[in-house]
Amino acid sequence: MRVMRRIALAAALTAMTAGAATAATRIDFFFPVPVDGALAKEMQNLVARFNQENPDIEVTAAYTGTYDETDIKTRAAIKAGKPPAVALMSANFITQYHIDDLVEAFDPLVRAEGKAPEEFMDGFWPALVGNARVDGGIYGVPFQNSTPLLYYNVDAFKEAGLDPDRPPVTWADWLEDARKLTRREGDKTTRYGIMLPGTYDILGWTMSALTLSNGGQYYNPDWGGEIYYDKPSTVGALTFVDDLVHKFKVMPEGTIQTPAMNNAFFGGQVAMIVSSTGSLSFIRQNMKVPFKVAFIPRNVRNAVPIGGASLIIPKGNSKERQEAAWKLVKWLTSPTVSGGWSRFTGYFAPVKAAYELPEMKDFIDKNPDAKVALEQLAFAKPWFATYNTVAVRKALEDEVQAMLSGKKTPAEAAKAAQANADALLKPYVDATALNLPK
Amino acid sequence: MAQALADAAIVGPRPERLIEARRTRGFVSAHAAFWLLAPSLFLLFLFTYVPILEALMQAVSLEGFGGKFSGYGFGNFQRLFADASFWKALSNNLVYGLGTVAPSIALAVLIAVALQDATRLNAFLRTVIVFPVVLPLVAVATLFAFVLMPGVGLLDYHLAKLGISGTNWLGNPDTALYAIIGLSIWKNAGYYMLFVLAGLQGIAPELHEAAKLDGAGAFTRFLRITLPLLKPTLAFILVIAMINVVTQIDHVIVLTGGGPSDSTNILLNYIFQAAHQQGDSGRAAAATVISVAALLSLSVASLKTLERGMHYES
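Residues numbered from 1 in each chain as written. Chains lettered and ligands numbered in written order. Predicted model: local features only at pLDDT ≥ 70, side-chain atom pairs only at ≥ 80, totals over all residues. Heavy atoms only, no water.

## Topic: the domain arrangement of chain A
Residue and element names in this part refer to chain A. Stated precisely, the cut-off is as follows: All domain edges in this entry derive from an automatic or database-based domain assignment. We call two residues in contact whenever any of their non-hydrogen atoms come within 4.5 Å of each other. Buried area counts how much accessible surface, traced with a 1.4 Å probe, disappears from two parts once they are put together, with both parts' losses summed.
Domain boundaries in chain A define domain 1 (2–146 + 307–366) and domain 2 (148–305 + 386–431). Contact with domain 1, which involves twelve residues of that partner, is made by 13 residues of domain 2. In this assembly, domain 1 packs against domain 2 so that about 1000 Å² is buried in total across both faces, 50% of it on carbon and sulfur atoms. Among the residues of domain 1 in contact with domain 2, Gln-96, Ile-99 and Ser-146 are the three that bury the most area, contributing 37% of the side total.

So this is what it looks like as structure tokens:
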């Protein structure tokens, strides 16, 4: 609450006064790093390069923790009247920023350069546009993005008599492979076929991936007041997962914490897991035996949500600072910088042109898993974003966790999740779609 | 004669003057005390009392859609009490409190009494037991994430030898809170033991020797001498332990984030979720006021109860 905000504010103020006294426009850039320290350092390097190339601007890059913490700190700074000029924000938070009227639209900046906003967005992968444009305006510029992938253990595939070059394509294949891959000794399971991450945040993302693969839309991408938890596409996805656990017993019961899932994959206690493309380098570093990646299997169609973060310009910045911020945003999303960051982190580059660069073509040739991630992008959809996204997401996650522990059936879980989510969405629905002429 | 002398000795200087002198001295020392305390008071005021007042204000300030101020009232409390997650967090916190406070204090007393003699072995064992205290809670939680892993974790590895295996401690809503309670006891018992050891130093050995001569056994001596004399120490530990129940949260955030299905969501995490994940600062402030008020009254009540019949040694 206020106390936390005060601390965040103090930190923000310290960061702001740290810049040197020059005539250049001084701006702040808040950025999170979800993985490790090396990325934060690389970001500082990038900003130093930008400052050198643009002597009229001095950017102070402030590492602000995780995606969630960056959200908290950015909001605190805006409330205190000292917003950063640029913040790297989880792509599905942008809808809420727009609803709260806390972000500037990029459209005027794009138009000032004689470009149409559509033309500007055309430079990015189509899947990313949904989270960047809200109510017709561009409120976020994609910077680093991911999709879920199926990771599988090559040795386990061979041992089970499966061809590691032919990963499961449909849910039917997926189940069949999982049954072959599950190894039991008496009543003990020494290797499970599948594990899905059950931790808050990634659980909701994984469930939306399965719902999309089941033909669903999961949420209303055009208006933040609707989520489709009790629709057949979602109920089908929930039932499939419940069957994997309770009917076919190819996945362990209960919520699987993400570190436990990763460890089980490294240790050979599970043959297939679902994880982000952003985890590619982490898994590559820790996995001792060969593994491969594949598309998320489909029941109705191939489709996955994107993840990742976009650059925003919070409200409350002067024209001059907005101009400087825009320069930084354009520089960070230029093909060269974007491609370099992609190769360094494992995220894919949001700008299509980045993949035309020779160094990027070379990289894709040498890293077949990065190629799979890139190809799946053609089937990617926006990340679900509603009013009060985090709470709405948790409404489903709590019910799925109960289902995974055998306390609720998929139908009960879907119904309860829908009721809870609707209650959370009500204030926004009342203020918009049900706010009718009297 | 003797009486007269004694009276004179008692009366001494004229009473009025004595009172006056005391007053001036009291005034001067109060002044000095105030100025000596002023810097800390100023900081306390700025960073403790002002935020407390702000939290109270925020709890009764109502916001409409989009965070627009719409007046004062108890609407935040009404919404809080109507939220099933709040009651779940409150009951989780009660279970967590009951499950951690009594066992960790009992364990602390037991270990302290067992290790109170200053032998070399005891010194070593004390160090071993205090070790978890020096680890940050975040680090402990990260360690336990591995210890508690189903199949590969240390706990499961040993339990498997007893024929119990594959328990997903943190992934099952029925066991997750108890796993977190176990971690808290492991982490805190050593800390409380330090206080008990200090308390034991204050008990005169003559008392035990006298009781021994009277033929009292070790258990009787523990029950009739050690425990009653430890009461002030225990009262202090109890308050510290209750504060820990409400303020320690790192392990929950690292291990479960309050899940699965809200089964480990305790009040502080609930407040964090309301404030930062749902942007509902009014409800978060109301929950803060409730939990701090509950903590304060519990602490006062426990100190009062334990102070009754307390033995202080002169």
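## Quick look at the packing of aromatic side chains
Residue and element names in this part refer to chain A. Note the threshold: Whether two aromatic rings pair depends on their centres lying within 6.5 Å, for rings of Phe, Tyr and Trp, where Trp uses its six-membered ring; planes under 30 degrees apart make the pair stacked, over 60 edge-to-face, and the rest tilted. Segments assigned H or I by DSSP are reported as helices when at least four residues long, segments assigned E as strands when at least two residues long, and all are numbered from the N terminus. Burial here depends on accessible area, computed with a 1.4 Å probe over protein chains only, as a share of the maximum for the residue type. Under 20% is buried, over 50% is exposed, and the range in between is partly exposed. Any Lys NZ or Arg CZ found within 6 Å of a ring centre and within 35 degrees of that ring's normal is scored as a charge over the ring.
By the definition in use, this model includes 29 aromatic pairs over all chains. With 5.8 Å between their ring centres and 50 degrees between their planes, Phe-106 and Trp-326 make a pair best called tilted. One end of the pair, Phe-106, is in the loop between α4 (94–99) and α5 (107–112); the other, Trp-326, is in helix α14 (residues 319–332), and 220 residues separate them in sequence. Under the relative-accessibility criterion, Phe-106 is labelled buried at 0%. Looking at Trp-326, the relative accessible area reads 4%, which means it is buried. When the ring centre of Tyr-97 is taken as reference, the NZ or CZ atom of Arg-75 above it lies at 4.5 Å.

## What about the confidence of the model for chain A?
Basically, it comes down to this: For every residue, the pLDDT score states the predictor's confidence, bounded by 0 at the bottom and 100 at the top.
Overall, the prediction assigns chain A a mean pLDDT of 90, with 94% of residues at 70 or greater. Scored below 50 in pLDDT, residues 16–22 of chain A shows eight contacts in the model against residues more than four places distant or in partner chains.

## What about the nonpolar core?
Heads up, the condition is: For our purposes a nonpolar core is just a set of buried Ala, Val, Leu, Ile, Met, Phe, Trp, Tyr and Cys residues, chained together by side-chain atoms within 4.5 Å.
Formed by 85 residues in total, the largest nonpolar core has its most connected members in Trp-174, Met-207 and Met-272 of chain A. Both domain 1 (2–146 + 307–366) and domain 2 (148–305 + 386–431) of chain A contribute no fewer than three residues apiece to this core. In this structure Met-272 of chain A touches Leu-150, Tyr-151, Tyr-152, Phe-157, Pro-168, Trp-174, Asp-177, Ala-178, Leu-181, Gly-193, Ile-194 and Met-195 of chain A, once residues within four positions along its chain are discounted. Within the second largest apolar cluster, 42 residues are counted, among which are Val-109, Leu-115, Leu-229 and Leu-230 of chain B.

## Side note on α14 of chain A
Spelled out, the test is: By this rule, a helix spans an expected 1.5 Å times one less than how many residues it contains.
Over its 14 residues, α14 of chain A runs 20 Å from end to end, which matches the ideal 20 Å to within 8%, given 1.5 Å per residue. Taken as a whole, α14 of chain A has its buried residues at Gln-322, Ala-324, Ala-325, Trp-326, Leu-328, Val-329, Trp-331 and Leu-332 of chain A.

## Some details on the interface of chain B and chain A
How we decide: For salt bridges, the criterion is a side-chain nitrogen of Lys or Arg within 4 Å of an Asp or Glu carboxyl oxygen. Here a polar contact is recorded for every N or O atom pair within 3.5 Å, except that within protein the pair must consist of a potential hydrogen donor and a potential acceptor, and residues adjacent in sequence are included only if both atoms are side-chain atoms.
Each partner contributes to the interface: chain B provides 33 residues, whereas chain A provides 34 residues. When the two sides are added together, the surface that chain B and chain A hide from each other amounts to roughly 2700 Å², 57% of it contributed by carbon and sulfur. At the boundary of chain B with chain A, the tally comes to two salt bridges. One salt bridge in this structure joins Asp-262 of chain B and Lys-394 of chain A, with 2.8 Å as the shortest N-O distance. Where chain B meets chain A, there are eleven residue pairs in polar contact (both at pLDDT 80 or more). Among the elements that make up the side of chain B that touches chain A, the one with the highest residue count is helix α12 (residues 267–277) of chain B (six residues).

## Digging into the pattern of salt bridges
For the structure on display, the rule yields 25 salt bridges over all chains. Measuring nitrogen to oxygen at the nearest pair gives 3.0 Å for the salt bridge that ties Asp-100 of chain A to Arg-75 of chain A. Of this pair, Asp-100 of chain A sits in the loop between α4 and α5 while Arg-75 of chain A sits in helix α3 (residues 67–79), placing them 25 residues apart in sequence. Judged by its relative accessible area of 25%, Asp-100 of chain A falls in the partly exposed class. We note a salt bridge from Asp-430 of chain A to Lys-426 of chain A, for which the minimum N-O separation is 2.8 Å. Pair noted here: Asp-430 of chain A and Lys-426 of chain A are both in helix α19 (residues 410–431), with a separation of four residues, about one helical turn. Given the relative accessible area of 48%, Lys-426 of chain A is considered partly exposed. Each of the salt bridges in this network shares a partner with another, and the network as a whole consists of Arg-79, Asp-83, Asp-280 and Arg-283 of chain B.

## Examining the domain arrangement of chain B
Residues and elements named next belong to chain B. As a reminder, the rule being used: Polar here means any residue other than Ala, Val, Leu, Ile, Met, Phe, Trp, Tyr, Cys and Pro, which are nonpolar, and Asp, Glu, Lys and Arg, which are charged; Gly is therefore polar.
By domain assignment, chain B separates into domain 1 (2–72) and domain 2 (83–307). Once you take the C-alpha centre of each, domain 1 and domain 2 turn out to be 35 Å apart. Taken residue by residue, the interface counts five residues in domain 1 and five residues in domain 2. For the pair domain 1 and domain 2, the summed buried area comes to about 390 Å², and 68% of that belongs to carbon and sulfur atoms. Together, Ala-55, Gln-58 and Ala-59 form the three largest contributors to the area buried by domain 1 at its contact with domain 2, with a combined 71%. Counting across the domain 1 and domain 2 interface gives zero salt bridges. Counting residues per element, the side of domain 1 that touches domain 2 draws most heavily on helix α2 (residues 15–60), at four residues. Residue composition of the side of domain 1 that touches domain 2, by class: three nonpolar, one polar and one charged.

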